[in-house]
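Below, each chain spelled out in residue letters.
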Amino acid sequence: MIVGSIAMLAAILLAFLRVPLAFSLLAVSVAGIGFAINWNIALQLLPLTISDAVLSYDLAVVPMFILMGNVISKTGIAHDLFRAAYAFVGNVRGGLALSTMVACSGFSAVCGSSYATAATMAKVAYPSMKKYNYSDELASGTIAAGGTLGILIPPSIIMVVYGILTQTNIGDLFIAGVIPGLLGLALYMVAIRFVAARNPSHAPQGEKTPWPEKLKALSGIWPFVLLFGLIIGGLYAKLFTPTEAAGMGAGLAILIATFHGRLTWKVLRTVIIDTAYTSVSLYTVLFGALMLSKLLTLSGLAAGVLALVQSTGLEGYALIFTIMLVFMVLGCVMDSMAIILIFVPLFAPIVVAQGFDLVWFGIIVIVVTEIALVTPPVGMNVFVLKAVLPDVPVVRIFKGLVPFIAVDVVRLALLVAFPAITLWLGSTVG
């Protein structure tokens, strides 16, 4: 248990120091198992863990969903979604920000990455908002907050990672994320309307779009509706597995981009290279996380933490609140993926022992990490946005995020207080 504790502290320190997560987790895990058990066992477990993961059917979902998101992002189809949203709500005060949020949610439904959603929508929506004199705070805050929907509205890469780490059905996680994701979208739009009403100068009114142009703009949403309907509809109806859904989604995205005439050989090459790079990076991180899970078990740390929690008398929602508090504090200084990879294997057995549903807990964890993505001093979505919009000060982005963080806390409280919000849709599956 002592070796496991030291290894966990080392992993946290290395993550805080921005050492590449994959290498820090692998090094810490191998060293910990070597000291706690045996170096031969540690060196044998490493290739076994990697080969098991590479040959895992569930893990094949990762590159397919990344490919699907890259195709939509690199071919400019996201622009069509933004134009369609603006055609219908752009004329109201704050309409461009509302359009951006709707576009973020639609792009999230086919992307699965918070960073990609924020970066893409910054290029698509920010110039339009500045053209109509939106404040930097509202414009950048809307994009940074909207980007967080990328890890909750399915399909979500982080849901796949959570499912693999906890052996939870990925399809169930995807279905469970639908209502909380839509609730997040609704609350974000309420926050935008509040800012627009309180400070009209921050959100000027846009131009009214004639009905013929509105109907024409609707053609920009059918790829997203089709992809989302195929993936979530198929999973809900139990027509195929998440891996099969990912494969069909990637194939359909390529066909859609080809139909639009936007998938040139140059773009396809870029999409494939980016997909390979991102997939390999994520796979390597997962190898380290799986090794860390083995270390937690073999060193006795997981059992020791469970016994410690039981001795404190913490149970039920008091325990869940404590875990959320830990995640929120860590989110201020660590990347959300690092938090999931390091701490979910430690906390998941405790949550199961308390009788909580791992699907519900997964959505709670993801919402907490969403908040972590936009809270100072790290706020990874903020720095992704800063890289795309170098002229916008970080302080203004964080200031613009205050109302969105407030409604995020409201959503988190609702999801914790009423688990049915998360679990109801999955319970209707035949």
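Rules and cut-offs
- Throughout, residues of each chain are indexed from 1 in the direction in which the sequence is written.
- Local features in this predicted model are restricted to residues whose pLDDT is 70 or higher, and side-chain atom pairs enter the listing and the counts only when it is 80 or higher, whereas totals over whole chains, interfaces and linings include all residues.
- To obtain the side-chain values, all non-hydrogen atoms of the structure were used and water was disregarded.
- A run of H or I in DSSP becomes a helix once it reaches four residues, and a run of E becomes a strand once it reaches two; helices and strands are each numbered from the N terminus.
- Here's how the labels work: a residue is buried when its accessible area is under 20% of the maximum for its type, exposed when over 50%, partly exposed in between, all with a 1.4 Å probe on protein chains only.
- Contacts described as polar in this section are N or O atom pairs within 3.5 Å, which, within protein, must combine one atom able to donate a hydrogen with one able to accept it, while residues neighboring in sequence count only if both atoms come from side chains.
- Only the contacting stretch of a helix is used when fitting its axis, a line to C-alpha atoms as for every element, and angles between N-to-C directions run 0 to 180 degrees.
- For this classification, under 35 degrees means roughly parallel, over 145 means roughly antiparallel, 65 to 115 means roughly perpendicular, and everything else is oblique.
- If you view the pair so one helix is near and one far, a crossing is left-handed when the near helix is turned anticlockwise from the far one by less than a right angle, and right-handed when it is turned clockwise.
- Between two residues, a contact is recorded if the distance between any of their heavy atoms is within 4.5 Å.
- Lys, Arg, Asp and Glu make up the charged group, whereas Ala, Val, Leu, Ile, Met, Phe, Trp, Tyr, Cys and Pro make up the nonpolar group; the residues left over, Gly among them, are polar.
- By definition here, a helix of n residues has an expected span of 1.5 Å times n minus one.
- Basic side-chain nitrogens of Lys or Arg form a salt bridge, by our definition, when they fall within 4 Å of a carboxyl oxygen of Asp or Glu.
- Centres within 6.5 Å make a pair out of two Phe, Tyr or Trp rings, where for Trp the six-membered ring is used; the pair is then stacked when the planes are under 30 degrees apart, edge-to-face when over 60, and tilted otherwise.

Tracing the chain through its elements places serine 108 in helix α6 (residues 95-111). The exposure class of serine 108 is buried, given its relative accessible area of 0%. Of the polar contacts made by the side chain of serine 108, one reaches the backbone oxygen of cysteine 104; its length is 2.6 Å. A polar side-chain atom of serine 108 sits 3.2 Å from the main-chain amide nitrogen of glycine 150.

Below, the discussion takes up the packing of helix α4 (residues 61-74) against helix α14 (residues 242-259). Interhelical geometry of α4 versus α14 gives an angle of 20 degrees and a closest axis separation of 8 Å. In terms of orientation, α4 lies roughly parallel with respect to α14. Judged by the sense of rotation from one axis to the other, the crossing of α4 with α14 is left-handed. Judged by residue contacts, Val61, Met64, Phe65, Leu67, Met68, Val71 and Ile72 of α4 engage Pro242, Thr243, Ala246, Gly247, Gly249, Ala250, Ala253, Ile254 and Ala257 from α14. Taken together, the residues that form the contact of α4 with α14 break down as 13 nonpolar, three polar and no charged.

All right, on to helix α15 (residues 265-298) then. The terminal C-alpha atoms of α15 lie 49 Å apart, and with 34 residues this matches the ideal 50 Å at 1.5 Å per residue to within 8%. In the stretch just after α15, glycine 300 is the one whose phi turns positive, near 85 degrees.

Right, let's get into the environment of leucine 425. Tracing the sequence through the fold places leucine 425 in helix α22 (residues 420-427). Overall, leucine 425 belongs to the buried group, its relative accessible area being 17%.

Here we come to the pattern of salt bridges. Pairing is possible between side chains of opposite charge, provided their charged atoms come close. Tallied over the full model, the rule gives eight salt bridges. Of the charged contacts in the structure, one is a salt bridge between aspartate 80 and arginine 83, with a shortest N-O distance of 2.4 Å. In this pair, aspartate 80 and arginine 83 both sit in helix α5 (residues 77-89), three residues apart, roughly one turn of the helix. Between arginine 396 and aspartate 136 there is a salt bridge; the shortest N-O distance is 2.8 Å. Linking arginine 396 in helix α21 (residues 394-417) with aspartate 136 in helix α8 (residues 136-148), this pair joins segments that are 260 residues apart in sequence.

By the element assignment, valine 344 lies in helix α18 (residues 336-353). Spatially, the C-alpha atom of valine 344 lies 9.0 Å from that of glycine 362, the residues being 18 residues apart in sequence. Every residue in contact with valine 344, bar those within four places of it in the chain, is listed here: Tyr162, Thr166, Phe327, Ile339, Pro349 and Val365.

This part takes up the packing of aromatic side chains. Taken as a whole and assessed by the stated rule, the structure comprises 11 aromatic pairs. Between the aromatic rings of tryptophan 222 and phenylalanine 259, the centroid separation amounts to 6.0 Å while the plane-to-plane angle is 80 degrees, which identifies the pairing as edge-to-face. With tryptophan 222 in helix α13 (residues 222-236) and phenylalanine 259 in helix α14, this residue pair connects regions lying 37 residues apart in the sequence. Here the aromatic rings of tyrosine 317 and phenylalanine 356 are separated by 5.5 Å at their centres, their planes lie at 75 degrees, and the arrangement is edge-to-face. Linking tyrosine 317 in helix α17 (residues 316-331) with phenylalanine 356 in the loop between α18 and α19 (358-372), this pair joins segments that are 39 residues apart in sequence. Judged by relative accessible area, which is 43%, tyrosine 317 ranks as partly exposed. Taken together, the aromatic side chains of Tyr317, Phe356 and Trp360 make up a single cluster linked through ring pairs.

The next thing to look at is unusual backbone geometry. Following proline 154, the chain continues into proline 155 via a peptide bond in cis, with omega recorded as 0 degrees. We note that glutamine 167 has phi near 60 degrees; this positive angle belongs to a residue other than glycine. Look at lysine 238: it is not a glycine, yet its phi comes out positive at around 60 degrees. Following the sequence through the fold, lysine 238 ends up in the loop between α13 and α14.

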